[in-house]
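Below, each chain spelled out in residue letters.
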Amino acid sequence: MRYKRPDNKNAISIVEAAKRDMKFTLSLKITEESGPTIIRNIYECFRMIGDALLVAKGIKSEDHITPINELMAVKVDTPRPIKIVGNLRGLRHNINYYGYKPSLIEVEEAIAVAESIFEPLLNAVKKQIK
């Protein structure tokens, strides 16, 4: 980790980009071909809002673990545990580095995770940044 000047404006910009990307990703038709992209994008949106928290604190992350851990520390009520985002990280890793092809059930599960916890988490992150 590297420390730099806290930047709330940039952090809000990252949060808004994550929100736009998630909206687009959830609009994609679920197929075997779109599955890896949907899972990657969902994970990336969560990572981005974790990164926004770090940017607001003046921390530049060097990996994906730090932003995800930052998200897990957010105090927010969600229908599912935030820790489940860690499972998306593992799935995305297998897709990117081992050519794993997710099943439609895995894609639907990733979408269900996004639909249940992304919005409450996004709102909590926005509050924390402002």
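Our structure is the block above this text.
Details of the overall build of the protein
- Looking only at helices and strands, one finds 5 helices and 2 strands in the protein.
- Along the protein, helices (α) and strands (β) appear in the sequence β-α-α-β-α-α-α when read from the amino end.
- In terms of overall size, the protein behaves like a compact globule, its C-alpha atoms giving a radius of gyration of 14 Å where 130 residues would be expected to give roughly 14 Å.
- Projected onto its principal axes, the C-alpha coordinates of the protein cover approximately 45 × 30 × 25 Å.
- By residue count, 44% of the 130 residues in the protein fall in the buried class.
- Contacts in the protein between residues at least 24 apart in sequence constitute 76% of all its contacts with a sequence separation of at least 6.
- Total accessible area on the protein stands at roughly 7,300 Å², and carbon and sulfur atoms take up 51% of it.

Side note on the side chain of Asp 51
- Following the sequence through the fold, Asp 51 ends up in helix 2 (residues 35-57).
- If we ignore the near neighbours within four places in the chain, the residues touching Asp 51 are Ile 14, Ser 61 and Pro 67.

Describing helix 4 (residues 84-98)
- Here helix 4 contains 15 residues, and its C-alpha end-to-end distance of 21 Å stays within 8% of the 21 Å for a straight helix at 1.5 Å per residue.
- Where the residues of helix 4 are buried, they touch helix 2, helix 3 (65-72) and helix 5 (104-129).
- A positive backbone phi angle near 70° is found at Gly 99, which sits one or two residues after helix 4.

Things to note about helix 5
- Taking 1.5 Å as the rise per residue, helix 5 with 26 residues should run 38 Å; its terminal C-alpha atoms sit 35 Å apart, in good agreement.
- At Ile 117, helix 5 shows its maximal bend, which comes to roughly 40°, and the proline Pro 120 appears one to four places after that position.

Thoughts on the pattern of salt bridges
- This model, assessed by the stated rule, comprises 5 salt bridges.
- In this structure, Glu 16 engages Lys 126 in a salt bridge whose closest nitrogen and oxygen atoms are separated by 3.3 Å. Note that Glu 16 is positioned in helix 1 (residues 8-27) and Lys 126 in helix 5, a separation of 110 residues in sequence.
- Judged by relative accessible area, Glu 16 falls into the partly exposed class, the value being 28%.
- By relative accessible area, which is 17% here, Lys 126 ends up buried.

Section: the environment of Ile 39
- In this fold, Ile 39 is placed in helix 2.
- Placed 79 residues apart in sequence, Ile 39 and Phe 118 show a C-alpha to C-alpha distance of 14 Å.
- Leave out the neighbours within four places in its chain, and Ile 39 touches Leu 91, Arg 92, Ile 95, Pro 102, Glu 106, Val 107 and Ala 110.

Notes on the packing of helix 1 against helix 2
- The contact between helix 1 and helix 2 brings their axes to 8 Å, and the two run at 165°. Considering their axes alone, helix 1 and helix 2 lie roughly antiparallel with respect to each other. As helix 1 runs across helix 2, the sense of the crossing is left-handed. Facing helix 1, whose interface residues are Asn 8, Asn 10, Ala 11, Ile 14, Val 15, Ala 17, Ala 18, Asp 21, Met 22, Thr 25 and Leu 26, helix 2 presents Ile 38, Asn 41, Ile 42, Cys 45, Phe 46, Met 48, Ile 49, Asp 51, Ala 52, Val 55 and Ala 56.

The rules behind the values
- Residues numbered from 1 in each chain as written.
- Predicted model: local features only at pLDDT ≥ 70, side-chain atom pairs only at ≥ 80, totals over all residues.
- Heavy atoms only, no water.
- Helix = DSSP H or I, 4+ residues; strand = E, 2+ residues; numbered from the N terminus.
- Rg over C-alpha atoms; globule rule 2.2 N^0.38 Å.
- Buried < 20%, exposed > 50% of the residue type's maximum accessible area, 1.4 Å probe, protein only.
- Contact = heavy atoms within 4.5 Å.
- Areas by Shrake-Rupley, 256 points an atom, 1.4 Å probe, with all protein chains shown as cover.
- Expected span 1.5 Å × (residues − 1).
- Bend = angle between axes of the 7 residues up to and from the residue.
- Salt bridge = Lys/Arg side-chain N within 4 Å of Asp/Glu carboxyl O.
- Axes fitted to C-alpha atoms, helices over the stretch in contact; angles between N-to-C directions.
- Parallel < 35°, antiparallel > 145°, perpendicular 65-115°, else oblique.
- Left-handed = near helix turned anticlockwise from the far one by under 90°.

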